[in-house]
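Residue-level listing of the chains:
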Amino acid sequence: MNETIITAEKATKSYVTGSVTTHALRGVDLSIEKGSFTCIIGPSGHGKSTLMHLIGGLDRPNSGTITVAGRELSRLDNSSLARLRGEKIGFVFQFFNLLPGLTARENVETAMMLSGVPEKEQAPRALDMLSQVGLADKADARPNQLSGGQQQRVAIARALANNPEILLMDEPTGNLDSAAEAEVLEILFKLHRQGKTIIIVTHNSDIAARAQHIIRVKDGRIAP
Ligand SMILES: Nc1ncnc2c1ncn2[C@@H]1O[C@H](COP(=O)(O)OP(=O)(O)O)[C@@H](O)[C@H]1O
Ligand SMILES: [Mg+2]
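These figures come from a predicted structure and were not determined experimentally. (Residues numbered from 1 in each chain as written. Chains lettered and ligands numbered in written order. Predicted model: local features only at pLDDT ≥ 70, side-chain atom pairs only at ≥ 80, totals over all residues. Heavy atoms only, no water.)

Draft legend 1. The arrangement of unusual backbone geometry in detail. If you check the backbone angles, Lys-10 has positive phi at about 50° while not being a glycine. One non-glycine residue, Asn-163, adopts positive backbone phi at about 50°. Along the chain, Asn-163 falls in the loop between α5 (148-159) and β7 (166-170). In this structure Asn-163 comes out as exposed when scored by relative accessible area, which is 53%. (Helix = DSSP H or I, 4+ residues; strand = E, 2+ residues; numbered from the N terminus. Buried < 20%, exposed > 50% of the residue type's maximum accessible area, 1.4 Å probe, protein only.)

Draft legend 2. Molecular detail of the packing of aromatic side chains. Under the definition given, this model contains two aromatic pairs. Relative to Phe-189, the ring of Phe-37 has its centre 4.9 Å away and its plane inclined at 10°; by these criteria the two rings are stacked. Placement of Phe-37 in strand β3 (residues 37-41) and of Phe-189 in helix α6 (residues 178-193) is noted, with a sequence separation of 152 residues between them. The residues Phe-37 and Phe-189 share a single accessibility class, namely buried. (Phe/Tyr/Trp six-rings, centres within 6.5 Å; stacked < 30°, edge-to-face > 60°.)

Draft legend 3. Quick peek at the packing of helix α3 (residues 104-113) against helix α4 (residues 119-132). Between α3 and α4, whose axes approach to 9 Å, the crossing angle comes to 115°. Every pair of crossing elements has a handedness; the one defined by α3 and α4 is right-handed. The segment α3 lies against α4, with Ala-104, Arg-105, Val-108, Glu-109, Met-112 and Met-113 engaging Gln-122, Ala-123, Arg-125, Ala-126, Leu-127, Met-129 and Leu-130. Taken together, the residues of the contact of α3 with α4 sort by class into nine nonpolar, one polar and three charged. (Axes fitted to C-alpha atoms, helices over the stretch in contact; angles between N-to-C directions. Left-handed = near helix turned anticlockwise from the far one by under 90°. Contact = heavy atoms within 4.5 Å. Nonpolar A, V, L, I, M, F, W, Y, C, P; charged D, E, K, R; others polar.)

Draft legend 4. Examining the site of ligand 1 more closely. The full set of residues close to ligand 1 is Tyr-15, Thr-22, Ala-24, Pro-43, Ser-44, Gly-45, His-46, Gly-47, Lys-48, Ser-49 and Thr-50. The backbone of His-46 places a nitrogen or oxygen atom 3.2 Å from an oxygen atom of ligand 1. Ser-49 is positioned with one of its backbone polar atoms (N or O) 2.8 Å from an oxygen atom of ligand 1. Here ligand 1 has 560 Å² of accessible area as a free molecule, and 62% of this is covered by the chains. Of all the elements in the fold, those that place two or more residues in the shell around ligand 1 are β2 (20-33) and α1 (48-55). For the shell around ligand 1, the element with the highest residue contribution is α1, accounting for three residues. Taken together, the residues that form the shell around ligand 1 break down as three nonpolar, seven polar and one charged. (Near = heavy atom within 4 Å. Polar contact = N/O pair within 3.5 Å; in protein donor to acceptor, adjacent residues only side chain to side chain. Areas by Shrake-Rupley, 256 points an atom, 1.4 Å probe, with all protein chains shown as cover.)

As far as function goes, none of this settles anything; it's purely spatial.
As structure tokens, this is what we get:
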């Protein structure tokens, strides 16, 4: 039987800026199976990133519930939520968010520092992650010595650092040319074959065509 790893029930999120309230999510229900590959699509500004932030525990809903790996996130205080995030979830964003002063290996290691990986194990593990994304030979390079596609692969290696079950990717190929995009996609499909649960926001119709599930977000709701 398929196991559910993420659920949202009647999740809403509004942002208040000055006198303006934006209803980014107006009541979202979804469930994601463990080991599945899900694509989230929809127009810009309709709530896709907000949904990713909620299911990744980076932000909290105004109402409704989010459950990840059997834990209802609203029951967790901030430090428990951060721990769950660190153990279960890897994030990859459109802008790679690498630290410019650190090498590729050191960037991957940053993800291990908070999760208590013993210092001796950090470097070998980071090198292993980098080789999984085809960058074993770039471990000592800094971000400005890497192409966009290579930087994004470092970000994926960093997301994998704590062996998370779930990978959340918000337009990870939005800044890449098509060759770099293809390389990143092959890595994602490989990770899926290895058993990771993958959720990706994308405008790329090829990815959507290869995904097992497609979730359409429109006006803060899931479109039928
Ligand atoms: N931190 C924020 N503060 C205020 N408004 C926000 C914030 N984040 C997102 N929004 C607004 O919420 C709506 C949904 O945004 P978002 O989830 O980023 O959409 P998408 O990822 O689909 O482009 C948009 O109208 C956006 O301007
Ligand atoms: Mg977005």
